[in-house]
Amino acid sequence: MQLPRPEKPCRPPLWAKSGYLQSALGNYLPKPKLTQPWRREEIHLPDGDRLVARVYAPKEGSAPPNRKTVICVFHGLGGHGDRPYMQRVVDLGTARGCEVISVDHRGCGQGRGLAKGIYHSGVASDLSAVFAAVRKKQPDAAIIGVGFSLSANALLLCLGDGHGGPHHHPDAAIAVNPPINLSRCADLICAPNHRLFNLYFLRGCVRYVRQREADGLHEKGRFPVHLRMSLKTFDDVFTAPLGGFKSGQDYYERSSALPHLSKITRPTVILHAEDDPFIDPTDFVQAQLGPGIHLHMEKHGGHLGYICADQPYRRWLDYGMGHYLDQLLSRL
């Protein structure tokens, strides 16, 4: 699938030229906080766990799309519905007359204590359950799935019917910075020159384990995690056994979306940056892409950074996401 590209590329300011700086600084730029009201809903999973969704109605006065549309948004590692990138998509979607459902994964954010299972990059079946729940409640609505980072991989895995498929699919999707080759991504994050990023992600992972201990989901000390380990070791010690995998490597192999991209037929935008320090762009260039995929590669942007010099609040991602939402909405 070929879609028109946004007219303006991401032009980084001089102080954020590298993908490393884009990734490190992108989460800290100021942006008005989302003040829209929302209602809480719980989505029940087949194994008895629950996800929490925040449901946002279209903005008052917004023009509705050609077809009623629900946008389901999923966060990345260590994230939740309050993360700025999640709230900015809510703002983009509701301004276009769409209902937006912001989902907190198992045990994350509003969903803390409601799940025995864990969130990881292979949870395609959880996304499938969300799409099925929306479809059951609103059978005439179109559904757009939006995933960031680890959830972007899970979204592509869902669309390609990998890891436990077949799955329920959205009508269209946008995957931002998806780590489609998890083994390669883990190697890059754990490289010596990325120690600060390894520590950043690891802090959230260890905090997640401690919260589960405090909530009585498993006994204290059962999983010996600490801040001196690497993310690869964390996946061996915690993610693999609780996620139902033989090892961290087994988790990477079974949960990577790369082998399943060729099967994607629904309109799907993959938005990625060539200078993402954790995700090798050659994985996308060499991948066999399904007929539904439109691959957009930006020269600059890092990992969920996309700091630019000529967009409001220096956020090129809002501009790019808005462009592709408009393209998909016009085709539904």
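For the structure, see preceding data.
Read on for a plain summary of the structure.

The rules we used
Along every chain, residues carry numbers that run from 1 in the direction the sequence is written. Two thresholds apply to this predicted model, a pLDDT of at least 70 for residue-level local features and 80 or more for giving and counting side-chain atom pairs, whereas whole-chain, interface and lining totals are computed over all residues. For the side-chain quantities, the full set of heavy atoms in the structure was used; hydrogens and water were omitted. Strand pairing is assigned whenever DSSP detects at least two bridges linking the two strands. Helix numbering and strand numbering both begin at the N terminus, where a helix is a DSSP run of H or I of at least 4 residues and a strand a DSSP run of E of at least 2. An axis is simply a line fitted to the C-alpha atoms; with a helix, the fit covers only the stretch in contact. Between two such axes, the angle follows the N-to-C directions and lies from 0 to 180 degrees. The contact criterion used throughout is that any non-hydrogen atoms of two residues lie within 4.5 Å. Each residue is placed in one exposure class: buried if its accessible area under a 1.4 Å probe, protein chains only, is under 20% of its type's maximum, exposed if it is over 50%, and partly exposed if it falls in between. Convention used here: angles under 35 degrees read as roughly parallel, angles over 145 as roughly antiparallel, angles from 65 to 115 as roughly perpendicular, and any remaining angle as oblique. Residues are sorted three ways: Asp, Glu, Lys and Arg are charged, Ala, Val, Leu, Ile, Met, Phe, Trp, Tyr, Cys and Pro are nonpolar, and all the rest, Gly among them, are polar.

Two strands in a sheet stick together by hydrogen bonds in their backbones, pointing the same way (parallel) or opposite ways (antiparallel). Read from one edge to the other, the open sheet built from eight strands follows the order β1-β2-β4-β3-β5-β6-β7-β8, with strand pairing classed as mixed. One side of each edge strand has no neighbouring strand; the edge strands of this open sheet are β1 (39-44) and β8 (293-298). Each neighbouring strand pair of the sheet contributes to a mean axis angle of 20 degrees, computed without reference to strand direction. Here strand β7 (residues 268-273) pairs with β8 via six bridges, running parallel. Bridge assignment links V269 to a residue of β8, and that residue is H294. On top of the sheet, helix α2 (residues 84-95) reaches β2 (50-56), β3 (69-74), β4 (99-104) and β5 (142-148); it is set at about 165 degrees to β4, its chief contact. Its contacts with the sheet put helix α4 (residues 150-159) on β3, β5, β6 (172-176) and β7, and the angle it makes with β5 is roughly 135 degrees.

Most of α4 is tucked away: 10 of the 10 residues are buried. Among the residues of α4, those classed as buried are L150, S151, A152, N153, A154, L155, L156, L157, C158 and L159. The positive-phi residue at the C-terminal boundary of α4 is D161, with phi of around 55 degrees.

What follows deals with the environment of C190. Position of C190 among the secondary structure elements: in the loop between α5 (182-189) and α6 (195-214). For the pair C190 and G216, spaced 26 residues apart in sequence, the C-alpha to C-alpha distance is 30 Å. In contact with C190, other than residues within four places in its own chain, are N198, S230, L231 and K232.

Let us look at the environment of L188. Topologically, L188 is positioned in helix α5. Separated by 68 residues in the primary sequence, L188 and S256 have C-alpha atoms spaced 15 Å apart. Non-local contacts of L188, meaning those with residues more than four positions away in its chain, are made with H194, P277, F278, I279 and D280.

Following G165, the chain continues into P166 via a peptide bond in cis, with omega recorded as 10 degrees. If you trace the backbone, P166 turns up in the loop between α4 and β6. One non-glycine residue with positive phi stands out, namely H163, at about 45 degrees. Mapped onto the elements of the fold, H163 is located in the loop between α4 and β6. Despite not being glycine, L304 shows a phi value in the positive range, around 60 degrees.

The next subject is the packing of α5 against helix α8 (residues 248-255). Closest axis-to-axis distance for the α5/α8 pair is 8 Å, and the angle between their directions is 125 degrees. Taken together, the axes of α5 and α8 are oblique relative to one another. Facing α5, whose interface residues are L182, S183 and A186, α8 presents Q249, Y251, Y252 and S255. Its residues assigned to classes, the contact of α5 with α8 shows four nonpolar, three polar and no charged.

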